[in-house]
Amino acid sequence: MAFLEVKNLHVEVEDKKILNGLTLSVEKGQVAAIMGPNGSGKSTLAYVLAGKDSYKVTEGDVLLDGDSILEMAPDERAAKGVFLAFQYPVEVPGVATMTFLRTALNAQRKTRGEAELSTPEFMKLVRDTSGHLGINQEMLRRAVNVGFSGGEKKRNEILQMAILRPRLAVLDETDSGLDIDALKTVAEGVNRLRSPERSMVLITHYQRLLNFIVPDVVHVMAKGKIVKSGGKELALELEAKGYAQFSGEAA
Amino acid sequence: MKADVRAIKTPAEQALSAAFATVRGTLPGKGAVAAMRDGAFRRFDTLGLPHRRVEEWKYTDLRALMRDLYPLAPAPDAAARARAKNAGKLLAGVECRRVVFVDGTFTPELSDLAPEPGVTIGSMSEALGKGDPLVTAHVGHTFATDDVAVALNTALMGDGAVIHISAGAEPKLPINLIFATGSDKPTSAFVRSLVVVEKGAKATIIETYESGDAQVNAATELVVGEEAQVDYIKITQARALHVASLLGSIGPRAHFNTFAFTAGSSVARNQKFIRFAGEGTKAGIRGVSLLRGKDHVDTTLLIEHAAGHCESREQFRTVLDDESHGVFQGKIVVKQHAQKTDAKMMTRALLLSNEAEADNKPELEIFADDVVCGHGATAGALDPGLKFYLMSRGIREKEAEALLIQAFVGETIEEIAHEGIREALMIASLKWLGTRG
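A quick note: this is a predicted structure, and the numbers were derived from the prediction, not measured.

A.B. asks: Describe the overall build of chain B, and please don't skip the residues or the numbers.
C.D. replies: Along its length, chain B carries ten helices and 19 strands. Whereas a compact globule of 437 residues would reach a radius of gyration of roughly 22 Å, chain B reaches 21 Å, a difference of no more than 12%. The principal-axis extent of the C-alpha atoms belonging to chain B is close to 70 × 50 × 45 Å. Scored against the burial criterion, the 437 residues of chain B give a buried share of 59%. When contacts within chain B are restricted to residue pairs at least 6 apart in sequence, those whose partners lie at least 24 apart make up 85%. Looking at chain B as shown, the accessible area adds up to about 17500 Å², and 51% of this sits on carbon and sulfur atoms. Placing the 50 positive and 55 negative side-chain charges of chain B at their respective mean positions leaves the two points 2 Å apart.

Next up, the structure:
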């Protein structure tokens, strides 16, 4: 069985059907790209995997490492290894980034029955990780994402991912709003985290991100389900032909 | 003039009248002070306790909330003093000069009265009794108000602190006035304090009110001199009924910061009447209130910019759980000649329960034409988006909520200059959060 199994998933938001029987498998260590037009349900899939409660699953299941996660609260899913890099990272006024990282890491460790990290261990971990992403001490002292630029927010997401070391990372439109330099920094950060022990789902509208993070497989999503799967060359085909062939309307 | 439109007095009003008649002859102060008491009492006698049809008391109906008057507290005996020995624990870790009042009475044996140049600390009752010129000059004259709670305090004021900081003096330690309950029976007290900080002096003064089953009506008059720097902090943990009035007159080019921290209080009203009497002053008027159960906490401000070129920041945050009720009324008045006033008021209420209620009433009354003034008020629950973000990182729901609440109050507590006090209030907030159901 694959590490992530999404089976015939039907999801509604405020009585509006968004996912219509989505089925998807992501192998352990695999990087899967999910591409699709706006409104195809890509972000909904990301939120449902992370456990946002405004999304109502009416049918189907999501298995992580063989266990259904649909009844789990977001924090339990995180402790089990799920991480969502938000398309629009939230500003958390009053909570210093450093405090936030440490609280999150230790909470996960506690849930998993692991010992909390000591202050020096934690400081070293953050130091070793933040440098690559161009995140300095000043940013770490500031409140989470408050006053951060779009690029800083995205780099902060990758920093969290690097510190929390998830087994399944879902990156929701991580490329949106980034200029080419910021995109490269973020992509390098993600590539450093590629590992046989870590599966990734890259959600993107554009092929551009996939030049920097080369996926193992590409899935095309339209109208709430996966409509085509293939290798990385599928992304190039989409770039050339557009999504019209899947949306059922002439471009 | 209609002298009295009310036919019936409540038991509390009758008891207040009876108490005044009984103690009038023994209250400290003669001549002008006695006349001031009589005048203030007549005001109360005419109007009665403030109630919901009095605009300033609309949300805190004192007539309904105060069913009866507890007996006036007697001078504390040895047992009462012993019970109050550990009062003021919240700031136990902060090095302060502690001045203790038990059941409203100055208690030298529990106080640190070591002499310090430029600092005079004494008892209000004594000062009123001997006609201390500082008291005669200021008590009742700092801020003219018709408020009935202030009038009652003036009529019945017993003891309290008189602090004088001479020009240019800088007391080494913050001065912590601790008003504690010692009596094991319900009592009431009317405390009046006067703090005069002269030109260029620099002081941190804290009032801590820790009361058990006691009704406390406290009023403090604060005179801040030219170029003085004053941090004035009030900590309130009052289990029964607490009405406190700060009457302030702030001189030119002063730096004045005040902060009110209220937690674990059943019925508390903090009213502040502050006038900027000279140009070029910068002031921060802030507070945090933490409410649960059926707590009722009211913050009412009347900030008067009577001189130009002053900057004031009013920032208040309230956390409300269970069926608690929070009130914020903030009025900023800018007089016609107070040009270049810069005043910003912001109040935010965080509702943790559907049954909690927050009333916000900001008001600006501007008569000058060249000013920058603004106000904002929000009331809402914890942002579900923020909570989800934190939980998606592995933080448990209760912990995520605690972190967000802590941040909510922390942003205001952070403004306190004194590190030790800042930390003590942060810890007190965490403790309050820790006992959340």
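There's plenty left to go through after this.
A.B. asks: Requested: an account of the interface of chain A and chain B, with residues and values cited.
C.D. replies: Of the residues lining the interface, 32 residues belong to chain A; the matching set on chain B comes to 16 residues. In total, about 1900 Å² of surface goes out of reach between chain A and chain B, with carbon and sulfur atoms giving 70% of it. Applying the counting rule to chain A against chain B returns one salt bridge. Ionic pairing is found between arginine 393 of chain B and glutamate 157 of chain A, a salt bridge with its closest N-O pair at 2.7 Å. Linking chain A with chain B are nine residue pairs in polar contact (both at pLDDT 80 or more). When residues in the side of chain A that touches chain B are grouped by element, the largest group, seven residues, is from helix α3 (residues 97-111) of chain A. In the side of chain A that touches chain B, the residues fall into 20 nonpolar, seven polar and five charged.

A.B. asks: Can you explain the confidence of the model for chain A? Please cite residues and give values.
C.D. replies: When pLDDT is averaged across chain A, the result is 93; 98% of the residues are at 70 or more. Within chain A, the element-level pLDDT minimum falls on helix α10 (residues 244-247) of chain A, averaging 78, and the maximum on strand β6 (residues 82-85) of chain A, averaging 98.

A.B. asks: Go over the confidence of the model for chain B, please, and point to the residues and values.
C.D. replies: Confidence in the prediction of chain B, expressed as mean pLDDT, is 96, and 98% of residues score 70 or more. Our summary of model confidence lists the complex with pTM equal to 0.89 and ipTM equal to 0.95.

A.B. asks: I'd like to hear about the sheet that holds strand β19 (residues 372-380) of chain B, residue by residue, with values.
C.D. replies: Residue and element names in this part refer to chain B. In spatial order, the strands read β2-β1-β5-β7-β9-β11-β13-β15-β17-β19; together these ten strands make up an open sheet with mixed pairing. Edge positions in the open sheet fall to β2 (105-106) and β19, since each of these has one partner strand only. Pairing analysis gives nine bridges linking strand β11 (residues 255-263) to strand β13 (residues 282-291), with the strands arranged parallel. Note on β13: the bridge partner recorded for phenylalanine 256 is alanine 283. In the packing of helix α9 (residues 397-413) onto the sheet, contacts are made with β11, β13, β15 (311-320) and β17 (342-351), and the angle to β15 comes to roughly 155°. Here helix α10 (residues 419-434) sits on the sheet and contacts β7 (202-211), β9 (229-238), β11, β13 and β15; the angle it forms with β11, its principal contact strand, is near 20°.

The rules behind the values
- Residues numbered from 1 in each chain as written.
- Chains lettered and ligands numbered in written order.
- Predicted model: local features only at pLDDT ≥ 70, side-chain atom pairs only at ≥ 80, totals over all residues.
- Heavy atoms only, no water.
- Helix = DSSP H or I, 4+ residues; strand = E, 2+ residues; numbered from the N terminus.
- Rg over C-alpha atoms; globule rule 2.2 N^0.38 Å.
- Buried < 20%, exposed > 50% of the residue type's maximum accessible area, 1.4 Å probe, protein only.
- Contact = heavy atoms within 4.5 Å.
- Areas by Shrake-Rupley, 256 points an atom, 1.4 Å probe, with all protein chains shown as cover.
- Lys, Arg positive; Asp, Glu negative; His and termini not counted.
- Charge placed at Lys NZ, Arg CZ, Asp CG, Glu CD.
- Buried area = accessible area lost by both parts, 1.4 Å probe.
- Salt bridge = Lys/Arg side-chain N within 4 Å of Asp/Glu carboxyl O.
- Polar contact = N/O pair within 3.5 Å; in protein donor to acceptor, adjacent residues only side chain to side chain.
- Nonpolar A, V, L, I, M, F, W, Y, C, P; charged D, E, K, R; others polar.
- pLDDT = per-residue confidence, 0-100.
- Pairing = 2+ DSSP bridges.
- Axes fitted to C-alpha atoms, helices over the stretch in contact; angles between N-to-C directions.

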